[in-house]
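Chain and residue survey
Here is how the chains run, residue by residue.
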Protein chains: 2
Amino acid sequence: MSMKNIVVAGGGVLGSQIAFQTAFKGFNVTIWLRSEGSIGRAKPKLERVKNIYLTTLEQMKTDPSAYCNGFTDKKDLTDDEIDELKNKAELAYDNITLTTSYAEAGNDADLIIEAIAEDPKQKIPFYQELAKNIPDKTIIVTNSSTLLPSAFAEYTGRPEKYLALHFANSIWKNNTAEVMGHAGTDQKYYDIVVDFAEKIGMVPLQLKKEQPGYILNSMLVPFLNAAEMLYAKGVADPETIDKTWVLATGAPIGPFRILDIVGLTTAYNIVIMNPNASDIETIEGKIAAMLKEKIDAGKTGINAGEGFYKY
Amino acid sequence: MSMKNIVVAGGGVLGSQIAFQTAFKGFNVTIWLRSEGSIGRAKPKLERVKNIYLTTLEQMKTDPSAYCNGFTDKKDLTDDEIDELKNKAELAYDNITLTTSYAEAGNDADLIIEAIAEDPKQKIPFYQELAKNIPDKTIIVTNSSTLLPSAFAEYTGRPEKYLALHFANSIWKNNTAEVMGHAGTDQKYYDIVVDFAEKIGMVPLQLKKEQPGYILNSMLVPFLNAAEMLYAKGVADPETIDKTWVLATGAPIGPFRILDIVGLTTAYNIVIMNPNASDIETIEGKIAAMLKEKIDAGKTGINAGEGFYKY
């Protein structure tokens with residue numbers, strides 16, 4: 001089947017990036033939003049993404065380190081080729097349609113990328129309403145980070161055409177996409193989604209089974225938790241822990257710089273999912289308290305200018 | 001206090017490297033060994049280390065990537081400076097004393113680095129006998145990876161002068177040394193050991209509290225375990241898992257290449273410490289079975305030419 005009409009549901013940070021990148025790669029993109037208010041909030045996000053593309057592409061003319069894998073496979077672009085990509089970014093921005101209508105969005109959709117809030121109470125009615133408004137051919141993927149496709153498959157009316165396609169933030173740079181079905185996903189549609197991910201400039205990372213946290217977070221969460229534990233127990237300070245990891249493994253940064261990028265609020269929300277976290281005598285309780293103290297002081301990470309490090 | 005006479009107890013892989021590096025940096029080094037047989041086995045290990053130093057230093061004249069942090073802080077050495085270091089390696093080899101006598105080794109020791117087998121049944125009598133043969137001034141450190149200094153402090157006759165100094169394999173390249181006391185270690189002697197670690201070209205990584213696994217293994221073990229879990233559960237293959245980690249974190253290699261370096265036998269021995277590992281229905285059991293299959297096929301890692309990857 002040929003993929004042409006792509007719908008992104010949700011205009012948040014990830015939704016706007018996915019929509020923009022998909023349009024940038026030449027697909028017809030419609031963003032479905034819950035309300036006129038959401039449309040108003042999505043527009044400046046799209047404009048911000050467009051400006052990042054334009055600025056970064058211009059930088060690439062003189063600074064090879066500005067190169068982003070999501071823009072193109074080709075290295076050493078000429079100035080003309082870069083201007084062509086800038087033109088594509090402008091066109092992408094102009095051509096994205098925003099609508100609150102299920103019918104308008106779903107009408108002739110080949111693929112719908114669900115990127116709405118991480119809340120089953122929002123996702124379930126969304127899928128149920130969507131199912132009434134889309135043709136048989138439509139494949140649906142979820143970008144959910146924390147919820148499993150098996151939890152929603154039945155509500156889509158097409159469990160065999162439903163799976164997860166999980167993007168990373170700053171999609172134009174961090175161009176990986178984890179592809180994960182549930183037990184009822186048909187391999188045929190899984191393969192189509194893998195192919196689509198490549199066509200929009202992503203490196204598809206294929207999971208053969210459903211796994212909470214996908215591949216990356218399944219490793220990142222216990223790794224960061226171990227680092228937090230060392231600090232919360234008073235074994236060593238973040239600088240020493242990071243230095244140990246960097247020197248021993250050759251990694252560019254250690255766990256506390258990663259935590260600053262992930263954001264301490266996210267790290268905190270993960271830790272407090274553990275029931276032990278409410279008891280300060282436990283390790284999880286100590287980690288939660290340590291993170292909360294930083295968050296309360298506004299030191300939530302790199303975006304705030306300070307987390308475990310100052311920026 | 002001035003550190004001059006250093007004893008290394010044990011002439012295994014790490015013991016010979018620690019002894020050689022310490023002599024290379026100008027200290028008087030004696031290796032204490034249990035028997036004449038051990039002396040016979042230690043000598044070729046020392047010669048092998050010497051040859052690595054000489055070959056690597058010669059390489060550094062033409063290949064900057066051969067540079068090893070443990071040799072010197074200085075970058076861009078002249079050929080004359082390199083020849084001087086080669087001379088120091090020759091002198092180090094010539095000047096190391098090997099003995100089976102506690103009295104000869106301990107007599108005037110400023111520091112004893114214990115690097116004997118990871119077996120309390122060997123370590124305890126060693127410390128007890130040692131205590132009878134050393135002066136008051138002698139500081140003792142253990143290079144143990146898996147046992148805690150608090151378990152042995154009482155047998156040293158000087159708990160306040162006893163702590164851990166934990167080296168990495170290929171000490172001349174991987175020049176980190178984790179410094180860790182037990183609750184009864186005197187800060188004064190801890191600081192002396194930190195200073196000594198710097199003087200022999202190590203980057204001291206300071207732990208403020210006793211911690212099984214120190215800093216590095218406290219993070220590495222759960223991280224590698226998470227990766228093994230993904231593969232053992234059939235979620236993804238080692239190549240995909242490694243690619244995910246490398247692309248997402250910028251690390252030079254992923255967990256399965258690290259496992260090939262660590263060695264699958266070590267990884268297996270860590271997993272089977274978990275009682276679940278004997279039940280194939282558990283994750284630990286699946287990981288143990290997966291590793292055992294590779295080990296039985298001789299694929300124990302990079303040293304065997306094959307592990308998860310071929311070399």
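The notes below deal with the structure included here. (Residues numbered from 1 in each chain as written. Chains lettered and ligands numbered in written order. Predicted model: local features only at pLDDT ≥ 70, side-chain atom pairs only at ≥ 80, totals over all residues. Heavy atoms only, no water.)

1. Overview of the packing of helix 10 (residues 264-271) of chain B against helix 11 (residues 283-296) of chain B
Residue and element names in this part refer to chain B. Stated formally: For helices, the axis comes from a line fit to the C-alpha atoms of the stretch in contact; other axes are also lines fit to C-alpha atoms, and the angle between any two N-to-C directions lies between 0 and 180 degrees. Numbering goes from the N terminus for both helices and strands, where a helix is a DSSP run of H or I of at least four residues and a strand is a run of E of at least two. Here roughly perpendicular refers to angles of 65 to 115 degrees, roughly parallel to angles under 35, roughly antiparallel to angles over 145, and oblique to all remaining angles. Here a crossing is taken to be left-handed if its near helix is turned anticlockwise relative to the far helix by less than a right angle, and right-handed if that turn runs clockwise. When checking whether two residues touch, look at their non-hydrogen atoms; a contact exists if any pair is within 4.5 Å. Residue polarity follows a fixed list, in which Ala, Val, Leu, Ile, Met, Phe, Trp, Tyr, Cys and Pro are nonpolar, Asp, Glu, Lys and Arg are charged, and the others, Gly among them, are polar.
Where helix 10 contacts helix 11, the two axes come as close as 9 Å, and the packing angle between them is 155°. Here helix 10 lies roughly antiparallel to helix 11, going by the angle between them. Helix 10 and helix 11 meet at a crossing whose hand is left-handed. From helix 10, Leu264, Thr265, Ala267, Tyr268 and Val271 reach across to helix 11, where they touch Glu284, Ile287, Ala288, Leu291, Lys292, Lys294 and Ile295. Among the residues making up the contact of helix 10 with helix 11, the classes are represented as eight nonpolar, one polar and three charged.

2. A closer look at the relation of the copies chain A and chain B
Both copies of the chain are related by a screw-like operation: a rotation about an axis and a shift along it. So the rule is basically this: The least-squares superposition of copies is restricted to C-alpha atoms, and to residues with a pLDDT of at least 70 in both copies.
At an RMSD of 0.1 Å, chain A and chain B line up after a rotation of 180° and a shift of 0.0 Å along the axis. Accordingly, the operation relating the two chain copies is best matched by a two-fold axis. Across chain A, the rotation axis passes nearest the C-alpha of A:Ala251, at a separation of 2.2 Å. The share of interface residues of chain A whose copies in chain B are also at the interface is 100%, consistent with both copies meeting through the same surface.

3. Examining the pairing of strand 1 (residues 5-9) of chain A
All names here are of chain A. The condition that has to hold: Under the scheme applied here, a residue whose accessible area is under 20% of the maximum for its type counts as buried, over 50% as exposed, and between as partly exposed, the area being computed with a 1.4 Å probe on protein chains only. Note on pairing: DSSP must find at least two bridges between two strands before they are called paired. For crossovers, right-handed means that the path from the first strand over the helix to the second runs clockwise, given strands pointing away from the viewer.
Most of strand 1 sits out of view: five of its five residues are buried. Of the two faces of strand 1, both are covered, the one formed by Asn5, Val7 and Ala9 as well as the one formed by Ile6 and Val8. In this structure, strand 1 lies alongside strand 2 (residues 28-32), joined through five bridges in parallel fashion. Bridged to alanine 9 within strand 2 is tryptophan 32. You can see the chain leave strand 1, run along helix 1 (residues 13-24) and come back into strand 2, and the turn it takes is right-handed. Here strand 1 runs beside strand 4 (residues 111-114); their pairing, made up of four bridges, is parallel. By the bridge assignment, valine 7 is partnered in strand 4 with isoleucine 112.

4. Some remarks on the sheet that holds strand 3 (residues 97-99) of chain A
Residue and element names in this part refer to chain A. Reading across the sheet, the eight strands line up as 3-2-1-4-5-6-7-8 and stay open at both edges, with mixed pairing between neighbours. Every other strand in the sheet has two partners, leaving strand 3 and strand 8 (203-206) as the edge strands with one partner each. Shown here is a sheet whose adjacent strand axes are inclined to one another by a mean of 25°, direction ignored. Seen against the sheet, helix 2 (residues 36-60) touches strand 2 and strand 3 and runs at an angle of roughly 160° to strand 3.

5. Structural notes on the pattern of salt bridges
Note the cut-off: Here, a salt bridge means any side-chain nitrogen of Lys or Arg that lies within 4 Å of a carboxyl oxygen of Asp or Glu.
Scanning the model with the defined rule gives 30 salt bridges over all chains in all. Across the salt bridge formed by A:Asp237 and B:Lys208, the nearest N and O atoms sit 3.9 Å from each other. One end of the pair, A:Asp237, is in the loop between helix 7 (216-232) and helix 8 (238-249); the other, B:Lys208, is in the loop between strand 8 (203-206) and helix 7 (216-232), on a second chain. A salt bridge links B:Lys50 to B:Glu90; its shortest N-O distance comes to 3.7 Å. Here B:Glu90 lies in helix 3 (residues 79-95) and B:Lys50 lies in helix 2 (residues 36-60), a separation of 40 residues in the sequence. The exposure class assigned to B:Lys50 is buried, which follows from its relative accessible area of 12%. Overall, B:Glu90 belongs to the partly exposed group, its relative accessible area being 32%. The structure contains a network of salt bridges with shared partners spanning A:Glu58, A:Lys61, A:Asp83 and A:Lys86.

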